[in-house]
Amino acid sequence: MFIGEYLHSLDTKSRLTIPAKFRPELGVLPIVTKGLDNCLFLFPTEEWNSIVEKLKSLPLGKPEVRAFSRFFLSAAAEAEIDKQGRIVLPTSLKEHAGIDKEVAVVGVSNRIEIWEPGKWQEYMQSYSSSITEIAEKLVDLGI
């Protein structure tokens, strides 16, 4: 399980060092893609395959299914981890997330999210005052 928040910098070749505690669970060939809320999602291969299977089981006739599948799958790239624990972030994904040099690497259970730090702080602040109400709504979902 991925948990925690780390600040890192990209090097001149757009390589991001993955926090050491995340590497064993990611495996050697994780998948990076566009995430929701203008971040990037980084999945271990097994988790990625599970999500793809779920998407394939959805009805292709629904426009929302096609739109989400296109958004999520077309941007996906293999993110091989090198011997120094780094992955390369493709330019199109960096542009999607507004990432230039600094990044926030955030563990979120089954995935890692990669954020531009200012957007991450803005996102967290936007929900900080309503987190109690959000938690109460999650009770209705059995959490």
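Since the structure is predicted, the reported quantities are computational estimates derived from the model, not experimental observations.

Notes on the nonpolar core
Okay, step 1: L16, L40, L42, I87, L89, I112 and I114 are the most contacted members of the largest nonpolar core, which totals 21 residues.
Okay, step 2: Elements with a contribution of two residues or more to this core: β4 (40-43), α4 (91-97), β7 (102-109) and β8 (111-115).
Okay, step 3: Setting aside its immediate chain neighbours within four residues, I114 contacts L16, C39, L40, L42, L89, A97, I99, V103 and A104.
Okay, step 4: Counting 13 residues, the second-largest nonpolar core is a separate cluster that includes I31, F72, A104 and V106.

Considering helix α3 (residues 63-74)
Okay, step 1: Spanning twelve residues, α3 covers 16 Å between terminal C-alpha atoms, matching the ideal 16 Å at 1.5 Å per step.
Okay, step 2: If you follow the buried residues of α3, they end up packed against β3 (31-34), β4 and α2 (45-57).

A short note on the pattern of salt bridges
Okay, step 1: Evaluated as defined, the whole model comprises five salt bridges.
Okay, step 2: The partner of K56 in a salt bridge is E53, with the nearest N and O atoms 3.1 Å apart. Remark: E53 and K56 occur in helix α2; sequence separation between them is three residues, near one turn of the helix.
Okay, step 3: The class for K56 is exposed, based on a relative accessible area of 58%.
Okay, step 4: The partner of R86 in a salt bridge is D82, and the shortest N-O contact between them spans 2.8 Å.
Okay, step 5: Among the residues examined, R86 registers a relative accessible area of 18% and is labelled buried.
Okay, step 6: Among the charged side chains, a network of salt bridges with common partners joins D11, R15, D82 and R86.

Notes on the packing of aromatic side chains
Okay, step 1: For the structure on display, the rule yields 13 aromatic pairs.
Okay, step 2: For the pair W120 and Y123, a centre-to-centre distance of 6.3 Å together with 15 degrees between the ring planes defines the contact as stacked. Here the residue W120 and the residue Y123 both occupy positions in helix α5 (residues 117-128), the gap between them amounting to three residues, near one helical turn.
Okay, step 3: Judged by relative accessible area, Y123 falls into the partly exposed class, the value being 27%.
Okay, step 4: Look at Y123 and Y127: their rings are 5.0 Å apart centre to centre, the planes differ by 50 degrees, and that puts the pair in the tilted class. In this pair, Y123 and Y127 both sit in helix α5, four residues apart, roughly one turn of the helix.

Looking at unusual backbone geometry
Note on backbone geometry: most residues besides glycine have negative phi, and most peptide bonds are trans.
Okay, step 1: In this structure, D37 takes a positive phi of about 60 degrees despite not being glycine.
Okay, step 2: At N38, a position not held by glycine, the phi torsion is positive, near 65 degrees.

Considering the sheet that holds β7
Okay, step 1: If you walk across this open sheet you meet the six strands as β1-β7-β8-β4-β3-β5, and the pairing is antiparallel. Where the open sheet ends on each side, the last strands, each with one partner, are β1 (2-9) and β5 (77-78).
Okay, step 2: Here eight bridges tie β1 to β7, and the two strands are oriented antiparallel to one another. When the bridges of β7 are listed, S9 appears paired with E102.
Okay, step 3: Across the sheet, α2 touches β3 and β4, and the angle it forms with β4 is around 110 degrees.
Okay, step 4: Here α5 sits on the sheet and contacts β1, β7 and β8; the angle it forms with β7, its principal contact strand, is near 45 degrees.

Definitions and cut-offs
- Residues numbered from 1 in each chain as written.
- Predicted model: local features only at pLDDT ≥ 70, side-chain atom pairs only at ≥ 80, totals over all residues.
- Heavy atoms only, no water.
- Core = buried A, V, L, I, M, F, W, Y, C linked by side-chain atoms within 4.5 Å.
- Buried < 20%, exposed > 50% of the residue type's maximum accessible area, 1.4 Å probe, protein only.
- Helix = DSSP H or I, 4+ residues; strand = E, 2+ residues; numbered from the N terminus.
- Contact = heavy atoms within 4.5 Å.
- Expected span 1.5 Å × (residues − 1).
- Salt bridge = Lys/Arg side-chain N within 4 Å of Asp/Glu carboxyl O.
- Phe/Tyr/Trp six-rings, centres within 6.5 Å; stacked < 30°, edge-to-face > 60°.
- Pairing = 2+ DSSP bridges.
- Axes fitted to C-alpha atoms, helices over the stretch in contact; angles between N-to-C directions.

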